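What follows is the residue order along each chain.
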Amino acid sequence: KYFRLILFHETPLKTIRLSDNRWLTWEPRQLLGIDLRSLALLRVGLAFVVIVDLFQRSLDLKAHYSDLGVLPRLALSHEVADKWHFSIHNLNGTSEFEAILFIAHGIIAFLLLVGFKTRLATVLCWILTVSLQSRNPLILSGGDDLLVLFLIWSTFLPMGARFSVDSSLDQDQGNSSNYCSPATLAIMLQLCFMYWFTWMVRSHPIWTGEHSALYYALNLDLFSTRIGTSFSNFHTLTSLLTSISYWFGLLGPILVFSPIATRYVRIVVLVAFIGFHIWVALVLNNGYLPAVAIVACSIFIPSIIWD
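As the structure is a prediction and not an experimental result, all values here were calculated from the model.

Side chains that carry opposite charge are capable of pairing whenever their charged atoms lie near each other. Taken as a whole, this structure holds 6 salt bridges when the rule is applied. Where arginine 37 meets aspartate 35, a salt bridge forms, and the shortest distance between an N and an O atom there is 2.8 Å. When sorted by exposure, arginine 37 lands in the same class as aspartate 35, which is buried. A salt bridge links aspartate 53 to arginine 57, with the shortest nitrogen-to-oxygen separation between them at 2.8 Å. Separated by 4 residues within a single helix, aspartate 53 and arginine 57 lie in helix 3 (residues 36–58), roughly one turn from each other.

Structure below.
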């Protein structure tokens, strides 16, 4: 009961200070809560990513999602997928049926964008996104996984509490801008796990000893961009950036939960996160993972920025 009182009570709690130091706080709502305006930005960002992704996939609709393409439903069910793969898109193999689902998906994503019937729109958008990805798992990337995870966690959060049609129609919305619940902790840890698990698998000497991982990655024509190829000529720089990337994956997510100057530390870490993913997008072709990751980082925007 005491834990629930501290973590979920609606009344602002008195900050626990040591030696009356205003820079040190252990207030759970400040450490584990998310600003409602940050959730609104997350909602808009996720919806925008879904819409752009649908447009790009629609350019190859027949080739990737119909029975006349590279992966007919029969081949999908017998060779690629398993019985637990869920896909509404498998109900019919024609391009016309897929086009109807794409349009419906886009309309629902637009409703999520403007925040109309937000929770229902989030659930439907998640279902259709999972269905679309299950139709052709051969063309997925890490960005698809992260997008689905953030959509499902968003169903448990008040994504339409600010900057939405729902909020404009709600006359009884509270004045507090900070929201704290088990779902806020879960979605924050979800993003942190992406960095931590990536750091855990980087145990090879090219990360921990030689620091040549980035050099090798930038010399792979399949993934490297023109900017990345030019960076590969500077071995000392790539070694330094490899080392920074390695430790950033471990320390960055830890610092966002720092009890010391929490909001200011989060601003610094947030800028570092966004800068890191922009740089990755410039040098490597890895789908829209950087875009989804940047959108996901919006949950760490502190109230002081919005104020």
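The next point concerns empty space enclosed by the protein. Tallied over the full model, the rule gives 1 cavity of 30 Å³ or more. In this structure, the largest cavity occupies an estimated 30 Å³ of space. Around the largest cavity, the lining residues are Val50, Asp53, Leu54, Arg57, His105, Thr129, Gln133, Asp144, Leu147 and Tyr288. Elements represented by at least two residues in the lining of the largest cavity include exactly helix 3, helix 7 (118–135) and helix 8 (142–154).

To continue, consider the packing of aromatic side chains. What characterises a pair of aromatic rings is the spacing of the ring centres plus the angle enclosed by the ring planes. This model, assessed by the stated rule, comprises 13 aromatic pairs. Look at phenylalanine 193 and tryptophan 196: their rings are 6.0 Å apart centre to centre, the planes differ by 50 degrees, and that puts the pair in the tilted class. Of the two residues, phenylalanine 193 and tryptophan 196 both sit in helix 10 (residues 182–200), 3 residues apart, roughly one turn of that helix. Between phenylalanine 248 and phenylalanine 273, the aromatic rings sit 5.1 Å apart at their centres with planes inclined by 75 degrees, giving edge-to-face as the arrangement. On the criterion of sequence distance, the pair formed by phenylalanine 248 in helix 14 (residues 235–255) and phenylalanine 273 in helix 15 (residues 262–283) is long-range, its members being 25 residues apart. Assigned by exposure class, phenylalanine 248 and phenylalanine 273 land together as buried. Site record: aromatic cluster; members linked through ring pairs are Tyr195, Phe248, Phe273 and Phe276. Stacked on the ring of tryptophan 207, the Lys or Arg arginine 202 has its end atom at 4.1 Å from the ring centre.

Cut-off values and rules
- Residues numbered from 1 in each chain as written.
- Predicted model: local features only at pLDDT ≥ 70, side-chain atom pairs only at ≥ 80, totals over all residues.
- Heavy atoms only, no water.
- Salt bridge = Lys/Arg side-chain N within 4 Å of Asp/Glu carboxyl O.
- Buried < 20%, exposed > 50% of the residue type's maximum accessible area, 1.4 Å probe, protein only.
- Helix = DSSP H or I, 4+ residues; strand = E, 2+ residues; numbered from the N terminus.
- 1 Å grid on protein atoms, 1.4 Å probe; cavity = no way out; pocket = protein on both sides within 12 Å on 5 of 7 lines; lining within 4 Å.
- Points joined across faces, edges and corners; volume = space filled by probe spheres on them.
- Phe/Tyr/Trp six-rings, centres within 6.5 Å; stacked < 30°, edge-to-face > 60°.
- Lys NZ or Arg CZ within 6 Å of the ring centre and 35° of its normal.

Just geometry here; none of it tells us what the structure is for.
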